[in-house]
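So the chains spell out like this:
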Amino acid sequence: RITATLAGDSKWSNPENHLHNAKPLLEGELIGPETVVAGPDGSLYFMESGSGRVTWAPQGNLSAHEVYADVGGAPLGAAVDPHGNLVYCDAAKGLMMVEAGTRRTVLLTDRVSGA
């Protein structure tokens, strides 16, 4: 379950209230949500380890969400690189990337040197 709060909430000044107004994001529509990442344009990328999908909310518009890429595996933590590519760790595959524009999935590495 992924939740968010509005930064403009006046209750932010008290740490005990940080999650007071949290609202679930896309509740019931994500399978095994692991991480949510914001891109530079405000787009949100939801890594779904239970379905092997990346769901996308363009410019943060949750009502316009769609499957960004069906990457298979178990996508976990992620970040958007300076070129707009979505770089993520997959529990079984290694370090992966979804290319911006083509949305093609690319293996970056499946091993660490010296390990």
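The preceding data block contains the structure.
Novice: With reference to specific residues and values, describe the sheet that holds strand E8 (residues 86-90).
Specialist: Strand order in the open sheet formed by four strands is E7-E8-E9-E10, with antiparallel pairing between adjacent strands. Strands at the two margins of the open sheet, each flanked by one partner only, are strand E7 (75-80) and strand E10 (105-109). Here the average twist between neighbouring strands, direction ignored, is 30°. Note that E8 and strand E9 (residues 94-98) share five bridges and pair antiparallel. What sits directly across from Cys89, in E9, is Leu95.

Novice: Break down the sheet that holds strand E6 (residues 66-70) for me, with residues and values.
Specialist: The strand order across the open sheet built from four strands is E3-E4-E5-E6, with neighbouring strands paired in antiparallel fashion. Strands with a single pairing partner mark the edges of an open sheet, and in this sheet they are strand E3 (33-38) and E6. Sheet twist, expressed as the mean angle between neighbouring strand axes with direction ignored, is 25°. As paired strands, strand E4 (residues 44-48) and strand E5 (residues 53-57) are joined by five bridges and run antiparallel to one another.

Novice: Would you mind going over the pairing of E8 in detail, with residue names and values included?
Specialist: Side chains of E8 alternate between two faces, with Leu86, Tyr88 and Asp90 buried and Val87 and Cys89 left unburied. Alignment of E7 against E8, held across four bridges, turns out to be antiparallel. Paired with Val80 across the two strands is Leu86, which belongs to E8. If you look at the hairpin formed by E7 and E8, you'll find five residues sitting between the two strands, and Gly84 has a positive phi there, around 90°. Between E8 and E9, which pair antiparallel in sequence order, lie three residues.

Rules used throughout
- Residues numbered from 1 in each chain as written.
- Predicted model: local features only at pLDDT ≥ 70, side-chain atom pairs only at ≥ 80, totals over all residues.
- Heavy atoms only, no water.
- Pairing = 2+ DSSP bridges.
- Helix = DSSP H or I, 4+ residues; strand = E, 2+ residues; numbered from the N terminus.
- Axes fitted to C-alpha atoms, helices over the stretch in contact; angles between N-to-C directions.
- Buried < 20%, exposed > 50% of the residue type's maximum accessible area, 1.4 Å probe, protein only.

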